[in-house]
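So the chains spell out like this:
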Amino acid sequence: MSGTVTVKNITLGEGMPKICVPLVGTTRTELREEAEALIALAPDVVEWRSDFFTEVEDINAVTQVLEDIQRLLPEIPLIFTFRSAREGGEKEISSAYYFRLIQAAVESGLVDMVDVELFQEEAEVRRLIAAAHGQAVFVILSNHDFDGTPSEDEIVSRLRRAQELGGDLPKIAVMPQGPADVLTLLAATNRMQEQYADRPIITMSMAGEGVISRLAGEIFGSALTFGAAHKPSAPGQVAVADLRRVLTLLHRSL
């Protein structure tokens, strides 16, 4: 039922789930080295997890890193993300600075997508989505639940809310407490995809038990999966080469 989103030369929502690799360096030098190393891995998408960056509260320093990434990886779509501590990120910043930071990324002309957390202040979320769309930047409207796995109905509700608010790519990540929770996430993904989604969605169950959800997106309806180059940005991320092999095997079987 869902549509597609095309960013640079990558189309999300058709064929194999696309592979996104996070940059998690703490300094500009580390981030340049990580970006250089990704050239050989050739991920479909790159995400800069700016909450790992020690100078993230300096907009000029953030812009310099964005310029470095674009110079090194000009053909790969770039997601700019600051993950708040309450959703599993490395640090907490004020709500005002959170929106100022993402607004600056949008206005820089150096990013293709931004991640905005669904449960931030709604009026500011709406404003930021409108600003991003005005700059032809796509929005991943996300929720990360590290405490557990909500019910199937609640997962679908959050994804639908992200869609209603104008997120181009509704996303949810949940923490399983057992195999049944992984099945709940997969069932919710399938239901959202078949009944409600008019755009690509991104879902995953985290940690070791949830790895299957990172691999089976083409079957259940998740358009993007996150793989690790060196240091993972979330529990359960699989090495890129292994991830690509399994995704290709599943794709050929369908």
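From a predicted model like this one, the values you see are computed outputs, not experimental measurements. (Residues numbered from 1 in each chain as written. Predicted model: local features only at pLDDT ≥ 70, side-chain atom pairs only at ≥ 80, totals over all residues. Heavy atoms only, no water.)

Right, let's get into unusual backbone geometry. With a phi close to 50 degrees, Ala42 is a non-glycine residue in the positive phi region. As for its position among the elements, Ala42 is in the loop between helix 1 (28–41) and strand 4 (45–49). For Ala42, a relative accessible area of 44% corresponds to the partly exposed category. Residue Ala136 is not a glycine yet carries a positive backbone phi of 60 degrees. (Helix = DSSP H or I, 4+ residues; strand = E, 2+ residues; numbered from the N terminus. Buried < 20%, exposed > 50% of the residue type's maximum accessible area, 1.4 Å probe, protein only.)

Further remarks concern the UniProt feature "binding site: 3-dehydroquinate" (unreviewed entry) in the protein. As annotated by UniProt and renumbered to match this structure, "binding site: 3-dehydroquinate" (unreviewed entry) occupies Glu47, Trp48, Arg49, Arg83, Arg214, Ser233 and Gln237. Considering the arrangement of structural elements, one finds Trp48 in strand 4. Not counting residues up to four positions away in its chain, the partners in contact with Trp48 are Leu23, Leu31, Phe53, Val62, Val65, Leu66, Ile69, Leu78, Ile79, Phe80 and Thr81. Structurally, the position occupied by Arg214 is in helix 7 (residues 211–215). (UniProt positions renumbered as here; feature names shortened; annotations may be inferred. Contact = heavy atoms within 4.5 Å.)

The next point concerns the layout of surface pockets. Volume-wise, the largest pocket comes out at about 190 Å³. If you go around the largest pocket, you meet 15 residues; those closest to its centre are Gly13, Gln193, Gly217, Glu218 and Gly221. Elements represented by at least two residues in the lining of the largest pocket include exactly helix 6 (179–196) and helix 8 (217–220). Counting residues per element, the lining of the largest pocket draws most heavily on helix 8, at four residues. Residue classes in the lining of the largest pocket are distributed as five nonpolar, eight polar and two charged. (1 Å grid on protein atoms, 1.4 Å probe; cavity = no way out; pocket = protein on both sides within 12 Å on 5 of 7 lines; lining within 4 Å. Points joined across faces, edges and corners; volume = space filled by probe spheres on them. Nonpolar A, V, L, I, M, F, W, Y, C, P; charged D, E, K, R; others polar.)

Turning to the packing of helix 3 (residues 95–108) against helix 4 (residues 122–134), a few remarks are in order. Two elements in contact, helix 3 and helix 4, have axes separated by 10 Å at closest approach and are oriented at 10 degrees. Judged by the inter-axis angle, helix 3 sits roughly parallel to helix 4. Of the residues in helix 4, those touching helix 3 at Phe99, Ile102, Gln103 and Val106 are Glu124, Val125, Arg127, Leu128, Ala131 and Ala132. (Axes fitted to C-alpha atoms, helices over the stretch in contact; angles between N-to-C directions. Parallel < 35°, antiparallel > 145°, perpendicular 65-115°, else oblique.)

In this section: the side chain of Asp168. When you line up the elements, Asp168 lands in the loop between helix 5 (152–164) and strand 8 (169–174). No salt bridge is formed by the buried Asp168; the nearest opposite charge belongs to Arg199, separated by 5.3 Å. Side chain to side chain, Asp168 and His133 meet in a polar contact 2.8 Å long. For Asp168, the side chain forms a polar contact with the main-chain nitrogen of Val139, separated by 2.7 Å. Look past the residues within four positions of Asp168 in its chain and what remains in contact with it is Val5, His133, Val137, Phe138, Val139, Arg199 and Pro200. (Lys, Arg positive; Asp, Glu negative; His and termini not counted. Salt bridge = Lys/Arg side-chain N within 4 Å of Asp/Glu carboxyl O. Polar contact = N/O pair within 3.5 Å; in protein donor to acceptor, adjacent residues only side chain to side chain.)

Scanning the entire structure with this criterion turns up 18 salt bridges. Here Asp68 ties to Arg28 by a salt bridge, and the two come within 2.6 Å at their closest N and O atoms. Here Asp68 is found in helix 2 (residues 59–72), whereas its partner Arg28 is found in helix 1, with 40 residues between them in sequence. Between Arg161 and Glu164 there is a salt bridge, and its shortest N-O distance comes to 3.7 Å. Taken together, the positions of Arg161 and Glu164, both in helix 5 and three residues apart, correspond to about one turn of that helix. Owing to a relative accessible area of 30%, Arg161 belongs among the partly exposed residues under this scheme. A single network of salt bridges, built from pairs that share partners, joins Arg28, Arg32, Asp68 and Arg71.

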